[in-house]
Amino acid sequence: MAWRIFLTLIACGSIMACNSDNANAVKVNTTPEPVQSESVEAQTVDDSLSESESESESESEPEILTQSAPEPECDLESVNLLDFVPWQREEGWWVGEYTFLGADGDPNVSASWPYRYDHYRGFIHLEVIGNSIKQRNVFLYPAKNSSECDSAQDVVGSGICGDNGNEKVFSADQSASDCDGNLSGPFEAFGMTLSTTTTLIGDDTVLYQVRLPDGSFTQNQLTTLPPNDTRVRTAQGFFMGVSTYASYYRERKVTKEEFVQLLEETRQEYNILELDYCGYDSGGSPSNVSCDEHFGVALGD
């Protein structure tokens with residue numbers, strides 16, 4: 001069971017806004033401009049110049065060796081991620097509709113988080129600060145279907161199975177790994193340090209990857225950024241080379257005021273108890289933080 005919990009924890013490692021059971025954040029390497037080759041017109045030798053004279057001249061001229069200048073080193077501290085179009089698009093407040101599928105292609109069923117994964121919602125704040133990105137998420141889950149409740153207490157917290165939904169928080173941070181807008185950062189899980197990288201592919205595509213200490217994949221997540229303040233994310237999860245999950249996220253950028261309003265409306269729709277607001281971390285344990293503390297801003301203002 002530990003590996004199952006481990007998978008759901010890292011599934012949201014997206015700095016690119018990930019899901020608590022299928023590790024955002026996010027939340028990256030700009031494709032380099034192709035080298036332009038310049039055509040040089042061939043120079044013809046004057047017909048009056050004899051072959052011997054041509055050879056003599058070429059032999060007499062000293063050979064000039066040229067050496068290209070070394071590439072300047074990247075000063076990571078001076079990188080401003082907002083210089084890159086994808087991060088201009090990604091920064092801000094996001095709300096999304098999510099679907100999280102298990103290895104069999106059906107909606108995920110978690111032994112430790114008894115809520116629905118077929119359709120649930122996420123609320124994400126991505127903040128760009130110089131050469132770093134700070135991601136804070138809260139995911140809201142509808143109550144389990146009553147027909148699937150083993151007991152009325154098949155819940156986390158004080159709710160009732162089949163009646164009350166619940167929510168989890170997730171945090172991720174990354175910083176520039178080069179001067180091309182790409183990111184990297186460690187992710188701690190169950191005593192292991194996982195490697196996360198985010199690579200920009202042009203102005204509209206972001207690839208987020210999580211690897212185990214042995215270098216093997218545990219997640220590949222692709223984000224597409226259409227030019228209309230929306231984004232679509234799909235993630236593939238792996239464990240020991242075997243596919244374990246897939247996700248499909250549809251998100252749109254909103255104002256902070258819309259974010260707060262839609263968050264409250266979803267809480268009412270899912271009948272989430274106020275004492276459970278931002279109440280659990282990505283592993284389903286008490287988060288011990290308020291929503292304002294988690295997001296670092298007063299959501300009520």
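Values in this document were obtained by computation on a predicted structure and should not be read as measured data. (Residues numbered from 1 in each chain as written. Predicted model: local features only at pLDDT ≥ 70, side-chain atom pairs only at ≥ 80, totals over all residues. Heavy atoms only, no water.)

Trainee: Sorry if this is basic, but what is going on with the state of the cysteines here?
Mentor: In protein chemistry, a disulfide is the covalent bond that joins the sulfur atoms of two cysteines. Evaluated as defined, the whole model comprises three disulfides. There is a disulfide in this structure between Cys-74 and Cys-179, and the S-S distance comes to 1.9 Å. Taking the torsion about the S-S bond as the criterion, the Cys-74 to Cys-179 disulfide, at about 95°, is right-handed. Here Cys-74, found in the loop between helix H2 (51–60) and helix H3 (85–90), pairs with Cys-179, found in the loop between strand E6 (166–176) and strand E7 (183–189); they are 105 residues apart in sequence, far enough to count as distant. A relative accessible area of 36% means that Cys-74 is categorised as partly exposed. For Cys-179, a relative accessible area of 35% puts it in the partly exposed group. Sulfur-sulfur distance for the disulfide between Cys-149 and Cys-161 comes to 2.0 Å. (Disulfide = S-S within 2.5 Å. Helix = DSSP H or I, 4+ residues; strand = E, 2+ residues; numbered from the N terminus. Buried < 20%, exposed > 50% of the residue type's maximum accessible area, 1.4 Å probe, protein only.)

Trainee: Teacher, can you tell me more about unusual backbone geometry here?
Mentor: With glycine set apart, most residues show a phi of negative sign, and most peptide bonds adopt trans. Although it is not a glycine, Cys-278 adopts a positive phi angle of roughly 50°. At Asn-288, a residue that is not glycine, the phi angle is positive and equals roughly 60°. Structurally, Asn-288 can be placed in the loop between helix H4 (256–269) and helix H5 (291–295). Classification of Asn-288 by relative accessible area gives exposed; the value is 71%.

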